[in-house]
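Architecture at a glance
Spelled out from the first residue to the last, the chains are:
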Amino acid sequence: TMVAGGGASVVYADTISDLGYGEKLANYGEYSGAPSMEHTYEYAKTVLRCLLSAQAEENKIFLIGGGIANFTDVAATFTGLIKALTHFQEELKLQKVKIWVRRAGPNYQEGLQLMRQTAITTQLPIHIYGPETHITAIVPLALGLANLVDFP
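The paragraphs below set out a description of the structure included in this document.

Cut-offs applied
Residues numbered from 1 in each chain as written. Predicted model: local features only at pLDDT ≥ 70, side-chain atom pairs only at ≥ 80, totals over all residues. Heavy atoms only, no water. Helix = DSSP H or I, 4+ residues; strand = E, 2+ residues; numbered from the N terminus. Expected span 1.5 Å × (residues − 1). Buried < 20%, exposed > 50% of the residue type's maximum accessible area, 1.4 Å probe, protein only. Arc of directions from axis to C-beta. Contact = heavy atoms within 4.5 Å. Phe/Tyr/Trp six-rings, centres within 6.5 Å; stacked < 30°, edge-to-face > 60°. Polar contact = N/O pair within 3.5 Å; in protein donor to acceptor, adjacent residues only side chain to side chain. Axes fitted to C-alpha atoms, helices over the stretch in contact; angles between N-to-C directions. Parallel < 35°, antiparallel > 145°, perpendicular 65-115°, else oblique. Left-handed = near helix turned anticlockwise from the far one by under 90°. Pairing = 2+ DSSP bridges. Right-handed = clockwise from strand over helix to strand, strands pointing away.

Attention now goes to helix H1 (residues 6–18). An ideal rise of 1.5 Å per residue puts 18 Å on 13 residues; H1 measures up with 18 Å between its terminal C-alpha atoms. Turning to H1, its buried residues are Ala8, Ser9, Tyr12, Ala13, Thr15 and Ile16. Angular distribution of buried residues about the axis of H1 spans 160 degrees; they occupy a single face of the element. Counted as exposed and oriented over 90 degrees from the buried face of H1: Gly7 and Asp18. Residues of H1 that are buried sit in contact with strand E1 (2–4), strand E2 (30–31), strand E3 (61–66), strand E4 (98–102) and helix H6 (138–142). Downstream of H1 by a residue or two, Gly20 has a phi angle that is positive, lying close to 90 degrees.

Geometrically, a pair of aromatic rings is defined through the distance of the ring centres and the angle of the planes. Within the structure shown, the criterion is met by 2 aromatic pairs. With a centroid separation of 6.3 Å and an interplanar angle of 50 degrees, the aromatic rings of Tyr31 and Tyr43 are classed as tilted. Highlighted residues: Tyr31 in strand E2 and Tyr43 in helix H2 (residues 37–53), separated in sequence by 12 residues. The exposure class of Tyr43 is partly exposed, given its relative accessible area of 23%.

Here we take up helix H3 (residues 74–87). Taking 1.5 Å per residue as the helical rise, H3 with its 14 residues ought to reach 20 Å, and the 20 Å between its terminal C-alpha atoms agrees with that figure. All buried positions along H3 are accounted for by Val74, Ala75, Thr77, Phe78, Gly80, Leu81, Ile82, Ala84 and Leu85. You can read the cap of H3 off the contacts: a side-chain oxygen lies 3.0 Å from the backbone nitrogen of Ala75, and it is on Asp73.

Looking now at the packing of H3 against helix H5 (residues 108–122). Where H3 meets H5, the axes come as close as 8 Å, and the angle between the chain directions of the two elements is 15 degrees. Taken together, the axis directions place H3 and H5 in an arrangement best described as roughly parallel. H5 is crossed by H3, and the crossing has right-handed handedness. Residues Val74, Ala75, Phe78, Thr79, Leu81, Ile82, Leu85 and Thr86 of H3 lie in contact with H5, whose contacting residues are Tyr108, Glu110, Gly111, Leu112, Leu114, Met115, Thr118 and Thr122.

Before going further, it helps to spend a moment on the pairing of E4. Most of E4 sits inside the fold, with 4 of its 5 residues counted as buried. Bridge analysis of E3 against E4 gives 4 bridges, and the strand direction is parallel. Looking at E4, one finds that Phe62 is bridged to Ile99. One ladder, built from 4 bridges, connects E4 with strand E5 (residues 126–129); its direction is parallel. Within the sheet, the bridge partner assigned to Arg102 lies in E5 and is Tyr129. Handedness of the E4-H5-E5 crossover: right-handed.

Below, the discussion takes up the environment of Phe71. Along the polypeptide, Phe71 turns up in the loop between E3 and H3. Sequence-wise, Phe71 and Leu114 are 43 residues apart; in three dimensions their C-alpha atoms are separated by 19 Å. With sequence-adjacent residues up to four places away left out, Phe71 is seen in contact with Gly33, Ala34 and Pro106.

Structure representation (structure tokens):
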């Protein structure tokens, strides 16, 4: 997972555990405090290196989430995240990593649009949601425990 905010990161980890997948949670961490694009890029590279180096019997899932930020510029942090996704795009495709995004806050529309464009240009399987979708709805969707029709 790569979740913005300490509270949100706990909520995501708890949801994963509540759904019976706690032992499969590969990492737990968060970024917050309005990090720069460069800090987000470096953090995302670290998380992606861990994801890609881990052995898994099942498909890997990369969750990018967060609540409705109050001061973190979503577009700026997504620019760093997208730079890291682009850097690792071939390895992510080779390992068939599925990427699920749910984000809101300042400039979230621009950030989600940047992510949509990245999905097109890289051909990575990125599922993208904004504040119209509950904060943790992407978790059961990503795990195959819910259908898209169950959520906006």
